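Okay, here's what each chain looks like letter by letter:
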Amino acid sequence: MTITGFDTAITMAEAAACENPTWWNEVRNHDADAGYASSVLLAEFIRSYAHQMGVPVSDVWTRIRATGELPI
């Protein structure tokens, strides 16, 4: 599956990991699809986590909303 904005979303994640909001904003402003791609990537990680833990993904979404923390 090809995700439009994938490269930009990965670069935005790298900028965030480097704690560089200036770089993050520069990258974000060049690709309107990056926000959606970031959401798709996060959803895939959450689905994968639920699968690895053997729990319904709906339980993981509920936990994330209740705690405000990502379990991954």
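Structure report, in brief.

### Description of the overall build of the chain
At step 1: Each helix and strand counted, the chain has four helices and zero strands in total.
At step 2: Shown N-terminal to C-terminal, the secondary structure of the chain runs as helices and strands in the order α-α-α-α.
At step 3: With respect to the three principal axes, the spread of C-alpha positions in the chain is 40 × 30 × 15 Å.
At step 4: Among the 72 residues that make up the chain, the fraction classed as buried is 25%.
At step 5: Surface exposure of the chain reaches about 5300 Å², of which carbon and sulfur atoms provide 55%.

### Here we look at unusual backbone geometry
At step 1: Positive phi, normally seen in glycine, also occurs at E19, with a value near 55°.
At step 2: Inspection of the secondary structure puts E19 in the loop between α1 (6-17) and α2 (21-28).

### Some words on the environment of W61
At step 1: You can see W61 is positioned in helix α4 (residues 57-67).
At step 2: For W61 and A43, which are 18 residues apart along the polypeptide, the C-alpha to C-alpha distance reads 9.5 Å.
At step 3: Excluding its chain neighbours within four sequence positions, the residues that come into contact with W61 are A43 and I46.

### Considering the packing of α1 against α2
At step 1: The contact between α1 and α2 brings their axes to 8 Å, and the two run at 170°. The angle between the axes of α1 and α2 places the two elements in the roughly antiparallel class. Contact with α1, carried on its side by T8, T11, M12, E14, A15 and A16, involves W23, W24, V27 and R28 of α2 and no other residues of that element.
At step 2: Of the residues in the contact of α1 with α2, the class split is six nonpolar, two polar and two charged.

### Points about the packing of helix α3 (residues 34-53) against α4
At step 1: One can describe the packing of α3 onto α4 by two numbers: an axis separation of 8 Å at closest approach and a directional angle of 115°. Regarding α3 and α4, the two cross each other, and that crossing is right-handed. Each of A43, I46, R47, Y49 and A50 in α3 lies in contact with α4, whose residues at this interface are V57, V60, W61, R63 and I64.
At step 2: A breakdown of the residues in the contact of α3 with α4 according to their chemical character gives eight nonpolar, no polar and two charged.

### What to know about the environment of T2
At step 1: Within the secondary structure, T2 sits in the segment before α1.
At step 2: Sequence separation between T2 and A37 is 35 residues, and the spatial gap between their C-alpha atoms is 9.9 Å.

What counts as what
Residues numbered from 1 in each chain as written. Predicted model: local features only at pLDDT ≥ 70, side-chain atom pairs only at ≥ 80, totals over all residues. Heavy atoms only, no water. Helix = DSSP H or I, 4+ residues; strand = E, 2+ residues; numbered from the N terminus. Buried < 20%, exposed > 50% of the residue type's maximum accessible area, 1.4 Å probe, protein only. Areas by Shrake-Rupley, 256 points an atom, 1.4 Å probe, with all protein chains shown as cover. Contact = heavy atoms within 4.5 Å. Axes fitted to C-alpha atoms, helices over the stretch in contact; angles between N-to-C directions. Parallel < 35°, antiparallel > 145°, perpendicular 65-115°, else oblique. Nonpolar A, V, L, I, M, F, W, Y, C, P; charged D, E, K, R; others polar. Left-handed = near helix turned anticlockwise from the far one by under 90°.

Shape is all these values report; function is a separate question.
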